[in-house]
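# What the coordinates show
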Amino acid sequence: MRPIQMVDLKQQYHKIKSEVDEAVIGVLESSAFINGKPVQDFASNLSAYLGIKHVIPCANGTDALQIAMMALDLQPGDEVITPSFTYIATTEVIALLRLTPVFVEVDPKTFCMDPIALEKVITPKTKAIVPVHLYGHAAPMDEIMAIAKKYKLAVMEDNAQAIGGDYISADGVKRKTGTIGDIGTTSFFPSKNLGGYGDGGAIFTNNDDLAAKMKMIANHGQSKRYYHDMVGCNSRLDTLQAAVLNIKLKYLDKYIAARQAVATGYDKAFNNHPKITVPFSAAYSSHVFHQYTLLLEGVNRNGLNEFLAKHGIPSMIYYPVPGHRQKMFEHFNTASIPMPVTDWLTERVISLPIHTEMDNEQLNFITTKVLEYINQ
Ligand SMILES: Cc1ncc(COP(=O)(O)O)c(C=O)c1O
């Protein structure tokens, strides 16, 4: 059996090696390392794939969130609502921009923002909502957009974990996650569903003014060279990464299908087990399984993690400390806010290996060992 990894990028690379090598050598030969043609090609290919007007490539998913938030003209002290149950990047940029993160509960089934809880934390200082499509499952965008409209709030979707996912609105319209709010952001971190061979990120919008502004912000606040109209930053997607991503984008749907097949295999093994809840897929969301995350009840999670590691199976806790309990937010006093669902989930989730290259032998070995430990 091949060694089991959370993500097998080497095997995946070998399947597209000739295409990738040719594209990378093409960049080396052109020596257009910054803003070379593959960057513009990738932006237009991704916007066609997502069905969105503008894609602005940038250096990573954290910058994408920061640039998007800078473009919304928020003022220090303005409140931005986001789940506590997410990767720290989502919430960190809010504080970095001297805005106030307001944590909201998630739904215990989808792990995404709970719209009922969302409406309760809105105050006159609230300016934006940042739903996260966690683990590859979409947040309930119909409800979130309706609340945003009612209170005139901006919506930025953190789509780092769900690129390629479909969201089906109540009216039957199917759209890609990240294209429903005012702005969507993503990460091309190597392990992401669409991952480069280094860092990368992008911002999406249908709004021409926001797009122009975000392009400027990502480029030192300039639209004309050496004329800087606003304070920005330097955030570019490397040409080399764009060349790789252009190739991998062609395979994204196939990669998602491969992840979904692994998830189906896991589901079959774990479904109906009294101590295991398998990932939930709402009818409105195509789960793209960036992570395959189980909820355990009455299981020693650390014990399982160690038992699996002993048998060469990695497993991860995403995330062991929720945002509202992070030291970096101590001055906001967020740890005192009751977040029972988030705390409950934090204590019970465990993510198993899932990637495009997993074979049945590996899958069977993982499910056998998980059940062996849980049933002992
Ligand atoms: C939900 C979420 N948001 C933001 C990011 C930040 O992306 P990056 O690591 O490219 O900065 C990540 C990726 O790690 C993420 O999972």
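This report concerns the structure included in the present document.

Reading guide: rules and limits
- Residue positions are counted from 1 within each chain, in the order its sequence is given.
- In view of the model being predicted, local features appear only for residues whose pLDDT reaches at least 70, and side-chain atom pairs are presented and counted only at 80 or more, with totals across whole chains, interfaces and linings using the full set of residues.
- With hydrogens and water set aside, each side-chain value is computed from the structure's full complement of heavy atoms.
- Ring geometry is summarised as follows: Phe, Tyr and Trp rings, the Trp one being its six-membered ring, pair when their centres sit within 6.5 Å, and such pairs are stacked at plane angles under 30 degrees, edge-to-face over 60 and tilted between the two.
- Starting at the N terminus, helices and strands are each numbered in turn, a helix being any DSSP run of H or I of at least four residues and a strand any DSSP run of E of at least two.
- Classification of residues uses two cut-offs on accessible area relative to the type maximum, computed with a 1.4 Å probe and protein chains only: under 20% is buried, over 50% is exposed, and between them is partly exposed.
- We call a charge positioned above a ring when the Lys NZ or Arg CZ atom is no farther than 6 Å from the ring centre and deviates by at most 35 degrees from the ring normal.
- Whenever a carboxyl oxygen of Asp or Glu lies within 4 Å of a side-chain nitrogen of Lys or Arg, that contact is scored as a salt bridge.
- Only the stretch in contact is used when a helix axis is fitted, and all axes are lines through C-alpha atoms; the angle between N-to-C directions ranges over 0 to 180 degrees.
- Under this scheme an angle from 65 to 115 degrees is roughly perpendicular, one under 35 degrees roughly parallel, and one over 145 degrees roughly antiparallel; angles in between are oblique.
- Left-handed describes a crossing whose near helix is turned anticlockwise from the far helix by less than a right angle; the clockwise case is right-handed.
- The contact definition used throughout considers only heavy atoms, calling two residues in contact when any of these lie within 4.5 Å.
- Three classes are used, and their members are as follows: Ala, Val, Leu, Ile, Met, Phe, Trp, Tyr, Cys and Pro are nonpolar, Asp, Glu, Lys and Arg are charged, and the others, Gly among them, are polar.
- For this analysis, a polar contact is any N or O atom pair within 3.5 Å, provided that within protein one partner can donate a hydrogen and the other can accept it, and provided that sequence-adjacent residues contribute only side-chain to side-chain pairs.
- Nearness of a residue to a molecule or strand requires only that one of the residue's heavy atoms be within 4 Å of it.
- Pairing between strands requires that DSSP locate at least two bridges from one strand to the other.

## A few points about the packing of aromatic side chains
A ring pair, where both rings are aromatic, is described by two values, the distance of the centres and the angle of the planes. Throughout the structure, instances matching the rule amount to 15 aromatic pairs. Each ring, one from Phe85 and one from Phe111, has its centre 6.1 Å from the other, and the planes form 55°; the classification is tilted. One end of the pair, Phe85, is in the loop between strand E2 (79-83) and helix H5 (88-96); the other, Phe111, is in the loop between strand E3 (100-104) and helix H6 (115-120), and 26 residues separate them in sequence. One exposure class covers both Phe85 and Phe111, and it is buried. Put simply, the rings of Tyr266, Phe270, Phe289 and Tyr292 touch in pairs and so form one group of aromatic residues. The ring of Tyr227 has Lys224 lying over it, and the distance from NZ or CZ to the ring centre is 4.4 Å.

## Considerations on the pattern of salt bridges
By the definition in use, this model includes 15 salt bridges. The partner of Lys15 in a salt bridge is Glu357, and the shortest N-O contact between them spans 2.6 Å. Taken together, the residues span a long stretch of sequence, with Lys15 in helix H1 (residues 9-15) and Glu357 in the loop between strand E14 (349-352) and helix H12 (360-374) at a distance of 342 residues. Lys15 gets classed as exposed once you look at its relative accessible area, which sits at 61%. For Glu357, a relative accessible area of 6% gives the class buried. The salt bridge involving Glu297 is made with Arg348; its shortest N-O contact spans 3.0 Å. Residue Glu297 is found in the loop between strand E13 (292-296) and helix H10 (301-310), and its partner Arg348 is found in helix H11 (residues 340-348); the two are separated by 51 residues along the sequence. Using a relative accessible area of 39% as the deciding quantity, one classes Glu297 as partly exposed. In this structure, a network of salt bridges that share partners links the residues Arg2, Asp8 and Asp359.

## Considerations on the packing of helix H9 (residues 239-270) against H12
Where H9 contacts H12, the axes come no closer than 10 Å and their chain directions differ by 30°. It follows from the interaxial angle that H9 and H12 lie roughly parallel. Along this stretch, H9 crosses H12, giving a crossing that reads as right-handed. Along its contact with H9, which presents Val262, Gly265, Tyr266, Ala269 and Phe270, the element H12 presents Leu363, Ile366, Thr367, Val370 and Leu371. Residue classes in the contact of H9 with H12 are distributed as 8 nonpolar, 2 polar and no charged.

## Description of helix H8 (residues 208-218)
Leu210, Ala211, Lys213, Met214, Met216, Ile217 and Ala218 are the residues of H8 that are buried. On the buried face of H8, the contacting elements are strand E1 (54-58), helix H4 (61-71), strand E8 (183-187), strand E9 (201-205) and strand E10 (222-224). Two or three places before Asp209, at the opening of H8, Asn207 has a side-chain oxygen 3.0 Å from that residue's backbone nitrogen. His220, located one to two residues past H8, shows a positive phi value of around 55°.

## Notes on the site of the ligand
The full set close to the ligand counts 15 residues, and Gly61, Thr62, Asp158, Ser187 and Lys192 are the nearest of them. Contact between the ligand and Thr62: an oxygen atom at 2.5 Å from a side-chain N or O atom of the residue. The separation between an oxygen atom of the ligand and a polar side-chain atom of Ser187 is 2.7 Å. Contributions of two or more residues to the shell around the ligand are made by H4 and H5. Here the residues of the shell around the ligand are counted per class, giving 5 nonpolar, 8 polar and 2 charged.

## Examining the sheet that holds strand E5 (residues 154-158)
Reading across the sheet, the 7 strands line up as E1-E9-E8-E5-E4-E2-E3 and stay open at both edges, with mixed pairing between neighbours. The strands lining the two open edges of the sheet, one partner per strand, are E1 and E3. On average, adjacent strands in this sheet sit at an angle of 25° to one another, irrespective of strand direction. In the packing of helix H7 (residues 141-151) onto the sheet, contacts are made with strand E4 (126-129) and E5, and the angle to E5 comes to roughly 155°. Its contacts with the sheet put H8 on E1, E8 and E9, and the angle it makes with E1 is roughly 15°.

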